[in-house]
Amino acid sequence: MSDELARIAAALERLVRPVAAVADWACAPAYVWDGQARPVAAISAPPLSLLKGIDAQKDTVSANVARLAAGHAAHDMLLWGARGMGKSALLRAAVLAAQSSDPARIALVQVAPEALATLPALFAALAGQPRRFLVYIDDLGFEDGDSAGLRALRSWLEGGVEARPGNVRLAVTSNRRAIVARHLSEQDDPINPRDAVDDKLALADRFGLSVGFHNCSQDDYLAIVAGYCAAHGLAWDQHEALEWSKRRGARSGRVAWQFVTELAGRAGKAL
């Protein structure tokens, strides 16, 4: 009889969903949030000095992150614009730089776009922690009809009941300044032709800092390549670097890094 009871108890234990462990928000430099927290052992980011062609953006973002880490007033940030120009790399590098003197001051929390609905649970977990947090949503975009998502994010940024706590700031990257697509049909509202557009732009206006990133010039692209190659001891040829960008149809920090990766692979080096 006791064996039968033991088998039943074991079967019930397998059926019960395990309770998620409570995250230790003081132990890691970064976390991934998908409804639950997963600590990340190290932030992967280039040094700020290697981010070329975005000097003004770098100064603005890194200064704001430093203020947040120090416990001073800091803005929520929208980083928008051209693909591959270092928006997410800059956020990671800025947090890494802010951790250099005291890693316990600030942590980065990356939230998957599909986990947006769980942000109130994240904010509740972070509220009252002695540490500061930059909650980071990469490549965010809302499609037509997603008014609930737009309203929720506006509420979290400013003034809502579930607004983010004082030790947390939001940073969002997007390819569009308004985060959502704009169409000419939005001007066809017979009641108020500006309402639809203004409602969407109101989201971008909630960010204290809106930082634009634009396609880099040829000189900036070559400077990015030169900086990476110097840091990693790689020889390179300017004409080959330009040909690489032409074959990819773009000049950007991402394309420059892909060229540097090719050079390192040829030279038998790891990056």
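Caption draft 1: Representation of the sheet that holds strand S7 (residues 209–213). With mixed pairing, seven strands are arranged side by side in an open sheet as S2-S1-S4-S5-S6-S3-S7. Two strands bound the open sheet, and with one partner strand each, they are strand S2 (37–40) and S7. Here the strands of the sheet are splayed against their neighbours by 20° on average, with no regard to which way each runs. The pairing of strand S1 (residues 30–33) with S2 spans four bridges and is antiparallel. The residue bridging Tyr-31 from the neighbouring strand is Pro-39, located in S2. On top of the sheet, helix H4 (residues 119–126) reaches S1, strand S4 (106–111), strand S5 (132–137) and strand S6 (168–174); it is set at about 165° to S5, its chief contact.

Caption draft 2: Spotlight on the packing of aromatic side chains. This model, assessed by the stated rule, comprises four aromatic pairs. Ring geometry for Trp-25 versus Tyr-31: centroids 4.7 Å apart, planes at 55°, classification tilted. Just as Trp-25 is buried, Tyr-31 falls in that class too. Taking the centre distance of 5.8 Å and the plane angle of 85° together, the rings of Trp-25 and Phe-133 count as edge-to-face. Remark: Phe-133 occurs in strand S5 and Trp-25 occurs in the loop between helix H1 (2–15) and S1; sequence separation between them is 108 residues.

Caption draft 3: Examining the pairing of S7 more closely. Taken across its five residues, S7 has four buried, putting it largely inside the fold. Where strand S3 (residues 77–81) meets S7, five bridges bridge the pair, whose relative direction is parallel. Note on S7: the bridge partner recorded for Gly-81 is Phe-213.

Caption draft 4: Local environment of the packing of helix H2 (residues 55–70) against helix H3 (residues 87–98). The contact between H2 and H3 brings their axes to 9 Å, and the two run at 45°. Classified by the angle between their axes, H2 and H3 sit oblique to one another. Where H2 crosses over H3, the two elements pack in a sense that is right-handed. On H3, the residues touching Gln-57, Lys-58, Val-61, Ser-62, Val-65 and Ala-69 of H2 are Leu-90, Leu-91, Ala-94, Val-95 and Ala-98. Within the contact of H2 with H3, the residues separate by chemical class into eight nonpolar, two polar and one charged.

Caption draft 5: Focus on the environment of Ala-41. The residue Ala-41 is located in the loop between S2 and H2 in this model. Sequence separation between Ala-41 and Cys-27 is 14 residues, and the spatial gap between their C-alpha atoms is 9.1 Å.

Caption draft 6: Spatial organisation of the side chain of Lys-58. Within the secondary structure, Lys-58 is located in helix H2. Of note is the side chain of Lys-58, whose polar atom sits 3.0 Å from the backbone oxygen of Leu-51. Those residues within four positions of Lys-58 in sequence are excluded, and the remaining contacts are Leu-48, Ser-49, Leu-51 and Leu-90.

Caption draft 7: Focus on the packing of helix H7 (residues 218–232) against helix H9 (residues 253–267). Across the interface, H7 lies against H9 with an axial gap of 9 Å and an inter-helix angle of 40°. Our classification of the angle between H7 and H9 gives oblique. The hand of the H7/H9 crossing is right-handed. Residue-level contacts link Tyr-221, Ile-224, Val-225, Tyr-228, Cys-229 and His-232 of H7 to Gly-253, Val-255, Ala-256, Trp-257, Phe-259, Val-260 and Leu-263 of H9. A breakdown of the residues in the contact of H7 with H9 according to their chemical character gives 11 nonpolar, two polar and no charged.

What counts as what
Residues numbered from 1 in each chain as written. Predicted model: local features only at pLDDT ≥ 70, side-chain atom pairs only at ≥ 80, totals over all residues. Heavy atoms only, no water. Pairing = 2+ DSSP bridges. Helix = DSSP H or I, 4+ residues; strand = E, 2+ residues; numbered from the N terminus. Axes fitted to C-alpha atoms, helices over the stretch in contact; angles between N-to-C directions. Contact = heavy atoms within 4.5 Å. Phe/Tyr/Trp six-rings, centres within 6.5 Å; stacked < 30°, edge-to-face > 60°. Buried < 20%, exposed > 50% of the residue type's maximum accessible area, 1.4 Å probe, protein only. Parallel < 35°, antiparallel > 145°, perpendicular 65-115°, else oblique. Left-handed = near helix turned anticlockwise from the far one by under 90°. Nonpolar A, V, L, I, M, F, W, Y, C, P; charged D, E, K, R; others polar. Polar contact = N/O pair within 3.5 Å; in protein donor to acceptor, adjacent residues only side chain to side chain.

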